[in-house]
Amino acid sequence: MKLLVTGGAGFIGSNFIHYWLAKYPDDTIVNLDLLTYAGHLESLSDLKNNPHYTFVKGNITDPQIVDRLVSSVDLIVHFAAESHVDRSILDPLIFIKTNVLGTQILLEAARKHGTRFHHIGTDEVFGALPLNSDLKFNENTPYDPQSPYSASKAGSDHLVRAYFHTFGLPVTITNCSNNFGPFQDPEKFISRMITNLLTNQKVKVYGDGLYVRDWLFVEDHCRAIDDVVHRGQIGETYLVGGLTEDINNLQIAQKVLKHLGKDESEIEYVTDRPGHDRRYAVDWTKINRELGWEPTKDFDACLKATVDWYLSHEDWWKPLKSQSEAIYK
Ligand code: NAD
Ligand code: DAU
């Protein structure tokens, strides 16, 4: 199979390319990535001489380049996006251009060439859940995005569904919860916290720190995409989530501090994110029932493996650190 992966130089995309080529070494991947601040070719440096991997620098909003690449592949796995909520509060427009318009341009090329399309969505499109409840998002939860980021991702999901219903394009969607693991840009909570602590800075906890995310190790996400791409029902959406029963940000920080032999005096409470979603929790029964997927990883072991990865890959994250600090308090 020949794949077009968009956004393959980002966090999840680069993990996915590693995952896929290790499992399906006879497949071929073309990685289309604009190399924004979030795209890091160093994450894929081990594949430089792999004849099954090609990198193309380009914008998913460029119809010519997209059409040319889509014309020669069997499957598109679409990760490319502006992905950081905080940035979407500072500058929403680029989120609409990349996440909405870019997805439409890819879909249009897929329609022209009849190409199978898998879209990477987020659980944030469903809005926020209250603390201390058993409520979880599922495939029937109404869309209720709260940030410019999640609104733009909701727009992209709707377009993917529309291309299925209107044009019969063979699509699938996965809406996943918060990922963590190797190669995550140091702007996100866990990667920022670890790299802050490794550079003698404090952990920055937004607001009261009692926000809950449904953390998933990135490799589990890659396996879910693999399952849906190979065995998912065309036109269907699958929610993907983790095993952490309502661990809040402060509790995550305490675990990371413990792994690094530090104490809670390293926590600094900072101004809250405007419109901050209180809690996410994902019911992944459907993908489990239909495809047998489940998150196999033990959260604490994965968190420790992630801390260890940052400890041993300073050359990867150090150059990114000064750049990502600039926009935060
Ligand atoms: P990321 O920010 O680490 O990477 C995004 C990649 O897309 C970068 O390599 C960037 O250069 C590229 N890109 C941005 N704009 C582009 C454009 N116009 N044309 C081509 N390439 C462009 O993001 P991530 O965390 O790896 O997320 C990947 C996808 O997964 C996104 O669609 C995101 O919404 C979704 N998602 C992320 C998470 C998470 O926890 N990180 C969870 C659920 C869903
Ligand atoms: O739920 C899936 C989403 O998870 C993805 O769609 C997004 O692309 C991804 O960025 C992520 O969004 P979040 O906003 O949940 O992730 P972030 O790492 O930015 O924040 C996680 C939580 O930690 C959130 O409650 C805000 C808080 N936070 C974040 C940072 C960066 C802090 O307390 N301090 C921080 O420094």
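Given the structure is predicted, the values throughout are model-derived calculations rather than measurements.

Colleague: Looking at this model, I keep getting lost on the overall build of the protein. Mind explaining?
Modeller: Counting its secondary structure elements, the protein contains 11 helices and 11 strands. For 329 residues, the compact-globule estimate of 2.2 N^0.38 gives 20 Å, and the C-alpha radius of gyration of the protein, at 19 Å, lies within 12% of that figure. Burial status across the protein gives 57% buried among its 329 residues. Excluding contacts between residues fewer than 6 apart, the proportion of contacts in the protein whose partners are at least 24 apart in sequence is 83%. Counting every atom, the protein has about 13500 Å² of accessible surface; 51% of that belongs to carbon and sulfur. Side-chain charges of the protein comprise 33 positive and 44 negative groups, with the mean position of each set lying 2 Å from the other.

Colleague: How do you make sense of unusual backbone geometry when you look at a structure like this?
Modeller: Glycine aside, residues mostly have negative phi angles, and peptide bonds mostly take the trans form. Phi angles above zero are rare outside glycine, and Leu-35 is one such case at about 55°. In this structure, Leu-35 sits in the loop between strand 2 (28–33) and strand 3 (53–57). With a phi angle near 65°, Phe-183 is a residue other than glycine that sits in the positive phi range. By the secondary structure assignment, Phe-183 is in the loop between strand 7 (179–180) and helix 6 (189–198). Residue classification places Phe-183 among the buried positions, given a relative accessible area of 14%.

Colleague: Sorry, what's going on with the site of ligand 1 here?
Modeller: Close to ligand 1 lie 28 residues; Asp-33, Asn-59, Ser-83, Tyr-149 and Lys-153 are nearest. Note that an oxygen atom of ligand 1 is positioned 3.5 Å from one of the backbone N or O atoms of Leu-35. Take Asn-59: an N or O atom from its side chain is 2.8 Å from a nitrogen atom of ligand 1. Put simply, the parts of the chain that give the shell around ligand 1 at least two residues each are helix 1 (11–23), strand 5 (116–122) and helix 5 (148–167). Per-class residue counts for the shell around ligand 1 are 13 nonpolar, 13 polar and two charged.

Colleague: How should I be thinking about the sheet that holds strand 2 in this particular structure?
Modeller: Working definition: the strands of a sheet are paired by backbone hydrogen bonds and lie parallel or antiparallel to each other. Spatially, the seven strands line up as an open sheet ordered 3-2-1-4-5-6-10, and their pairing is parallel. Looking at the sheet topology across the chains shown, the edges are occupied by strand 3 and strand 10 (237–240). Within this sheet the neighbouring strands show an average axis-to-axis angle of 20°, counted without direction. With respect to the sheet, helix 2 (residues 63–70) is in contact with strand 1 (2–6), strand 2, strand 3 and strand 4 (75–78), its orientation differing from that of strand 2 by roughly 175°. Helix 7 (residues 218–231) rests against strand 4, strand 5, strand 6 (171–176) and strand 10 of the sheet, and its axis sits at about 145° to strand 5.

Colleague: How should I be thinking about the pairing of strand 1 in this particular structure?
Modeller: Each regular strand carries side chains that alternate between the two faces of the sheet. Across the five residues of strand 1, four count as buried, placing the element largely inside the fold. Each parallel crossover has a hand, and the one from strand 1 via helix 1 to strand 2 is right-handed. Two elements, strand 1 and strand 4, share four bridges in a ladder whose sense is parallel. The residue of strand 4 that forms the bridge with Leu-3 is Leu-75.

Colleague: Explanation requested: the site of ligand 2 in the structure shown.
Modeller: The environment of ligand 2 is formed by 23 residues, the closest being Asp-123, Tyr-149, Lys-204, Arg-273 and His-276. One of the side-chain N or O atoms of Arg-213 is found 2.7 Å from an oxygen atom in ligand 2. In the environment of ligand 2, an oxygen atom lies 2.6 Å from a nitrogen or oxygen atom belonging to the side chain of Arg-273. Bound to the protein, ligand 2 loses 94% of the 690 Å² it would expose on its own.

Colleague: Looking at this structure, how should I read empty space enclosed by the protein?
Modeller: A probe matching the size of a water molecule, rolled over the atoms, marks out where space remains unfilled. With the rule as written, the count across this model stands at two cavities of 30 Å³ or more. As a volume, the largest cavity reaches approximately 70 Å³. Contributions of two or more residues to the lining of the largest cavity are made by strand 9 (216–217) and helix 10 (299–312). Each pocket or cavity is described by its volume, and for the second largest cavity that value is around 60 Å³. Its residues assigned to classes, the lining of the second largest cavity shows four nonpolar, four polar and four charged.

Colleague: Explanation requested: the pattern of salt bridges in the structure shown.
Modeller: Close approach of charged atoms allows side chains with opposite charge to pair. Under the criterion given, the structure shown has 15 salt bridges. Bridged by salt links that share partners, the residues Arg-87, Glu-187 and Lys-188 form one connected network.

Colleague: Please clarify how the side chain of Glu-139 should be interpreted in this entry.
Modeller: The residue Glu-139 is located in the loop between strand 5 and helix 5 in this model. At a separation of 2.8 Å, a polar atom in the side chain of Glu-139 contacts the main-chain amide nitrogen of Leu-239. Apart from residues lying up to four places away in sequence, Glu-139 is in contact with Thr-237, Tyr-238, Leu-239, Asp-283 and Lys-286.

What counts as what
- Note that residues are indexed from 1 along each chain, following the sequence as it is written.
- Chains carry letters from A onward and ligands carry numbers from 1 onward, assigned in written order.
- The model is predicted, so local features are restricted to residues of pLDDT at least 70 and side-chain atom pairs to those at 80 or more, both for listing and for counting; the totals for chains, interfaces and linings are taken over all residues.
- Only heavy atoms go into the side-chain values, all of them from the structure, while hydrogens and water stay out.
- Labels follow the DSSP assignment, with helices taken as runs of H or I lasting at least four residues and strands as runs of E lasting at least two, numbered in each case from the N terminus.
- Between the two quantities, the radius of gyration covers C-alpha atoms and the globule rule is 2.2 Å times the number of residues to the power 0.38.
- The buried label goes to any residue with under 20% of its type's maximum accessible area, the exposed label to any with over 50%, and the partly exposed label to all in between, with areas taken from a 1.4 Å probe on protein chains only.
- In what follows, a contact means two residues having at least one pair of non-hydrogen atoms within 4.5 Å.
- Working definition of accessibility: Shrake-Rupley area with a 1.4 Å probe, residue cover restricted to the visible protein chains.
- Positive charge is attributed to Lys and Arg, negative charge to Asp and Glu, and no charge count is given to His or to the chain ends.
- Just so you know, the charge point we use is NZ for Lys, CZ for Arg, CG for Asp and CD for Glu.
- Residues are classed as near a molecule or strand on a simple rule: at least one heavy atom within 4 Å of it.
- The definition of a polar contact used here is a pair of N or O atoms within 3.5 Å, where within protein one atom must be able to donate a hydrogen and the other to accept one, and adjacent residues in sequence count solely through side-chain atom pairs.
- Put simply, Ala, Val, Leu, Ile, Met, Phe, Trp, Tyr, Cys and Pro go in the nonpolar bin, Asp, Glu, Lys and Arg in the charged bin, and everything else, Gly too, in the polar bin.
- Two strands are said to pair when DSSP picks up at least two bridges between them.
- Lines fitted to C-alpha atoms define the axes, with helix axes restricted to the stretch in contact, and inter-axis angles between N-to-C directions lie between 0 and 180 degrees.
- For the handedness criterion, the strands are oriented away from the viewer, and a crossover whose path from the first strand over the helix to the second runs clockwise is classed as right-handed.
- Every definition here rests on a 1 Å grid over the protein atoms only: cavities are sets of points where a 1.4 Å probe fits but cannot get out, pockets are open sets enclosed by protein on both sides within 12 Å along at least five of seven lines, and lining residues have some atom within 4 Å of a point.
- Grid points are joined across faces, edges and corners, and a volume is the space filled by probe spheres set on the points.
- Only one rule defines a salt bridge in this text: a Lys or Arg side-chain nitrogen within 4 Å of an Asp or Glu carboxyl oxygen.

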